[in-house]
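# Understanding the architecture of this molecule
Residues per chain are reported as follows:
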Protein chains: 2
Amino acid sequence: MRILIDAMGGDHAPEAIVRGAIDAAAEFGVQIVLVGRGEAILKSLSALGLDTLPKGVEIANAEDVVEMTDDPANVVRTRRESSMVVGLRMLSEGAGDAFISAGSTGALLSAATLVVKRVKGIRRAALCPEIPTKTGSTLLIDCGANAECTPEFLAQFAVLGSIYAQRVQGKAQPKVALLNIGTEEGKGTQLQKDTFAMLQKAQDMGILQFVGNMEARDVMSGQVDVLVADGFSGNVLLKTIEGTASFMSGMLKEMFGKNLLTKVAALFCRDGITAFKKKLDYREVGGTMLLGISKPVVKAHGSSDARAIRSAVRQAMEAANGGMAEALKEQVQALNQLTKPQSDETT
Amino acid sequence: MRILIDAMGGDHAPEAIVRGAIDAAAEFGVQIVLVGRGEAILKSLSALGLDTLPKGVEIANAEDVVEMTDDPANVVRTRRESSMVVGLRMLSEGAGDAFISAGSTGALLSAATLVVKRVKGIRRAALCPEIPTKTGSTLLIDCGANAECTPEFLAQFAVLGSIYAQRVQGKAQPKVALLNIGTEEGKGTQLQKDTFAMLQKAQDMGILQFVGNMEARDVMSGQVDVLVADGFSGNVLLKTIEGTASFMSGMLKEMFGKNLLTKVAALFCRDGITAFKKKLDYREVGGTMLLGISKPVVKAHGSSDARAIRSAVRQAMEAANGGMAEALKEQVQALNQLTKPQSDETT
């Protein structure tokens, strides 16, 4: 297996990316292709005390870099030779099995859609982070790729998420829920009402296991495997978790830092504090899957360090092994007969 | 000042309500009218060791009770003699300065709108909880009263929130932000884009101080006084905070309960743990204001105990003192000229 990595994307590129890639190659025995400015990558290697490329690691030169200020919709045209676009082209042409980038989310979404293309019949690609829960994690689909959604998009997200949970996460009968402001049928806006009806039909047809509406309050209890949301409210959900966790961690730090006794208390609780941090640490989870694209694309966190990149490689390998695209074909056809898509084919 | 309280609403009614009302009357020197089944209220009093009504506390008899299973839209008709509807009628007729209920949110919203009526020119009432932040609290408007919103509704919410922050919370120049999935102008769905433009005009006209979009991640940093959202995403925000806080508190409890050393650690951190809990405790804040109604109505938490009711009374007193309705008139007229409301006058 060969994983392509955008060596130039993210706050700590290329150093952190190169280091994470080397770690992953050594640990997982996977072939890594670092896509980016050869010179900068070699410099990062020598900063790590390496004169030559380690076993399993290659470089694919790409002279340009996508900037965070670039218009996402245009990078395929304006940044043809960027590490991101070159990497996606290699993925599309079969020079690798998955692509990882910690660069601009919008640019990656747009370029992956244009270069690697969506799975046939899928109308929108979605960003799917894993939300930490009491029992493990819940896949959120979508968290911001599509601010405006139709019921058809959401029904497709449900299928995408369900198949990912099955094929990649190894969950035999994934439970799918719809994010809503109440659990009863008939809650929410017209979007949720129409989506609820579609998901119930999909359940009746055996396409997925729909367990109904879920309130934001219950997401972290871990009762479902896949949570379907429009990109706007999914984004609000994800970022509220981040904000609340950061707020509470700050209070915790203050609590333990108060005086000598509380500092001793922190020592007593060291294992618990480590477990606590680990549970909420994106670097453990990997990145955010971009589902609906015909080959696996992983968006790594913008501030990814080597450990986050290593986790993203593991995730990309699992996704590439899952064979989602094949499993999707049949289900999407069945679903599309059900949802009668509108004649909207932008992006 | 006279505060009307629905003695029969909430999980712990009437006991907790009666007790909280007595505490509030004693502490704040305010007149309290307990609306509900006289017999049940007297029984609660005697359970507290009281043979007569304490100073400052009266009973207004109402034989019926709104149930959580009642259709909210119909309670004014089907539960005419319920504690909630009788209390609201008394408020409307001037027999009290504010009304508090821990009963069904939907029923309270609907009955308050029908019985007490909205402020002239205001098109929707909104539910406005206070979100705890690093520096105090941020008023969220709306958190679920209106799942479907128009830009006009949101612009009115901004004005309602801003005037509440000024008149009731004593913030001289409240900063108003719009909940969005990015900080740049042009982010979000059409609803956010159109609302952004309207709020900027309102800012130019001196109606309020609009500071732009805010991501959910930054809400708890406390940089704004009022956060405007449609009821759907506001509800997702609020409930995600609740869910994440409960998740993290659970982990914390587990951490401190692990062994003898961690239990000792908990003792060392006792003050910090108390402060931590207090910061996230709805019982300290009071209830959720129902803004846009012509007189102050407070929705207390369904599981309110006596302390929560006491806090809700304090909040109702502040709201009644604020004289919002008068301040609103002028601003709403100015705003409505700006927003050209659609001809939608349902609910």
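Since this is a predicted model, take the numbers as computed values, not measurements.

Conventions we followed
- Residues numbered from 1 in each chain as written.
- Chains lettered and ligands numbered in written order.
- Predicted model: local features only at pLDDT ≥ 70, side-chain atom pairs only at ≥ 80, totals over all residues.
- Heavy atoms only, no water.
- Helix = DSSP H or I, 4+ residues; strand = E, 2+ residues; numbered from the N terminus.
- Expected span 1.5 Å × (residues − 1).
- Buried < 20%, exposed > 50% of the residue type's maximum accessible area, 1.4 Å probe, protein only.
- Contact = heavy atoms within 4.5 Å.
- Buried area = accessible area lost by both parts, 1.4 Å probe.
- Salt bridge = Lys/Arg side-chain N within 4 Å of Asp/Glu carboxyl O.
- Polar contact = N/O pair within 3.5 Å; in protein donor to acceptor, adjacent residues only side chain to side chain.
- Pairing = 2+ DSSP bridges.
- Axes fitted to C-alpha atoms, helices over the stretch in contact; angles between N-to-C directions.
- Least-squares fit on C-alpha atoms with pLDDT ≥ 70 in both.
- Phe/Tyr/Trp six-rings, centres within 6.5 Å; stacked < 30°, edge-to-face > 60°.
- Parallel < 35°, antiparallel > 145°, perpendicular 65-115°, else oblique.
- Left-handed = near helix turned anticlockwise from the far one by under 90°.
- Core = buried A, V, L, I, M, F, W, Y, C linked by side-chain atoms within 4.5 Å.
- Arc of directions from axis to C-beta.

### Re helix α8 (residues 231-257) of chain A
With 27 residues, α8 of chain A should reach 39 Å at 1.5 Å per residue; the first-to-last C-alpha distance of 38 Å fits that figure. For α8 of chain A, a buried count of 20 out of 27 residues is recorded, marking the element as mostly surrounded by other parts of the structure.

### Section: the interface of chain B and chain A
Between chain B and chain A, the contact holds 49 residues from the first and 49 residues from the second. Summing the contributions of chain B and of chain A, the shared interface buries around 4,400 Å²; its carbon and sulfur component is 79%. The salt bridge involving lysine 239 of chain B is made with glutamate 215 of chain A; its shortest N-O contact spans 2.1 Å. Counting across the interface, chain B meets chain A through 10 residue pairs in polar contact (both at pLDDT 80 or more). For the side of chain B that touches chain A, the element with the highest residue contribution is helix α8 (residues 231-256) of chain B, accounting for 19 residues.

### Describing the sheet that holds strand β12 (residues 297-299) of chain A
Strands belonging to one sheet form pairs held by backbone hydrogen bonds; the direction of such a pair is parallel or antiparallel. All names here are of chain A. Taken in spatial order, the seven strands of this open sheet run β3-β2-β1-β4-β12-β11-β5, and their pairing is mixed. Since the sheet does not close on itself, it has two edges, and those belong to β3 (57-61) and β5 (126-128), each with one partner. On average, each strand axis in the sheet is inclined to that of its neighbour by 25°, with strand direction left out of account. Taken together, the three bridges between β5 and strand β11 (residues 288-291) define a ladder with antiparallel strand orientation. Its bridge partner lying in β11, alanine 126 is registered against leucine 291.

### Some remarks on the environment of phenylalanine 268 of chain B
Of note, phenylalanine 268 of chain B is situated in helix α9 (residues 260-268). In this structure, phenylalanine 268 of chain B is in contact with Leu261, Thr262, Val264, Ala265 and Phe268 of chain A, ignoring residues within four places of it in sequence.

### A few points about the relation of the copies chain B and chain A
In this structure, two copies of a chain are linked by a rotation about an axis accompanied by a shift along it. Overlaying chain B with chain A gives an RMSD of 0.0 Å, the required rotation being 180° about an axis along which the chain moves by 0.0 Å. Between the two chains, the operation in question is that of a two-fold axis. Identified as the residue of chain B closest to the rotation axis by C-alpha distance is alanine 265 of chain B, at 2.1 Å.

### Description of the packing of aromatic side chains
All names here are of chain A. Counted under the stated rule, the structure contains four aromatic pairs over all chains. Between the aromatic rings of phenylalanine 196 and phenylalanine 210, the centroid separation amounts to 5.2 Å while the plane-to-plane angle is 75°, which identifies the pairing as edge-to-face. Of the two residues, phenylalanine 196 is situated in helix α7 (residues 190-204) and phenylalanine 210 in strand β9 (residues 209-214); the sequence distance between them amounts to 14 residues. A residue is classified by how much of its surface remains accessible, and phenylalanine 210, at 8% relative accessible area, is buried.

### Focus on the pattern of salt bridges
In total, this model carries 18 salt bridges over all chains according to the counting rule given. In this structure, arginine 2 of chain A engages glutamate 58 of chain A in a salt bridge whose closest nitrogen and oxygen atoms are separated by 2.3 Å. Within this pair, whereas arginine 2 of chain A is found in strand β1 (residues 2-6), its partner glutamate 58 of chain A is found in strand β3, the two being separated by 56 residues in sequence. Among the salt bridges present, the one from arginine 217 of chain B reaches glutamate 242 of chain A, with a minimum N-O distance of 2.8 Å. Pair noted here: arginine 217 of chain B is in the loop between β9 (209-215) and β10 (226-228) and glutamate 242 of chain A is in helix α8, and the two residues belong to different chains. The class of arginine 217 of chain B is partly exposed, set by a relative accessible area of 35%. Since its relative accessible area comes to 31%, glutamate 242 of chain A is described here as partly exposed. Residues participating in the shared-partner salt-bridge network are Glu215 and Arg217 of chain A together with Lys239 and Glu242 of chain B.

### Points about the packing of α7 of chain A against helix α13 (residues 324-339) of chain A
All names here are of chain A. Running from amino to carboxyl end, α7 crosses α13 at an angle of 135°, the nearest separation of the two axes being 10 Å. The orientation of α7 relative to α13 falls into the category oblique. Here α7 runs over α13; the crossing is right-handed. Contacts from Met198, Lys201 and Ala202 of α7 reach α13 at Leu335, Leu338 and Thr339.

### Section: the nonpolar core
Within the largest apolar cluster, 114 residues are counted, with the highest numbers of intra-cluster contacts made by Leu88 and Phe256 of chain A together with Leu88 and Phe256 of chain B. Among residues more than four places away in sequence, those in contact with leucine 88 of chain B are Phe99, Leu108, Ala111, Ala112, Val115, Val116 and Val297 of chain B.

### Considerations on helix α9 (residues 260-268) of chain A
Every buried residue of α9 of chain A is listed here: Thr262, Ala265 and Ala266 of chain A. For α9 of chain A, the angular spread of the buried residues around the axis is 105°, confining them to a single face. The outward face of α9 of chain A, more than 90 degrees from its buried face, is lined by the exposed residues Leu260 and Leu267 of chain A. Structurally, α9 of chain A contributes buried residues whose contacts are with α8 and α10 (270-279) of chain A together with α9 of chain B. With a side-chain oxygen lying 3.0 Å from the backbone nitrogen of leucine 261 of chain A, the N-terminal cap of α9 of chain A falls on asparagine 259 of chain A.

Geometric descriptors of this kind do not, in isolation, establish any biological role.
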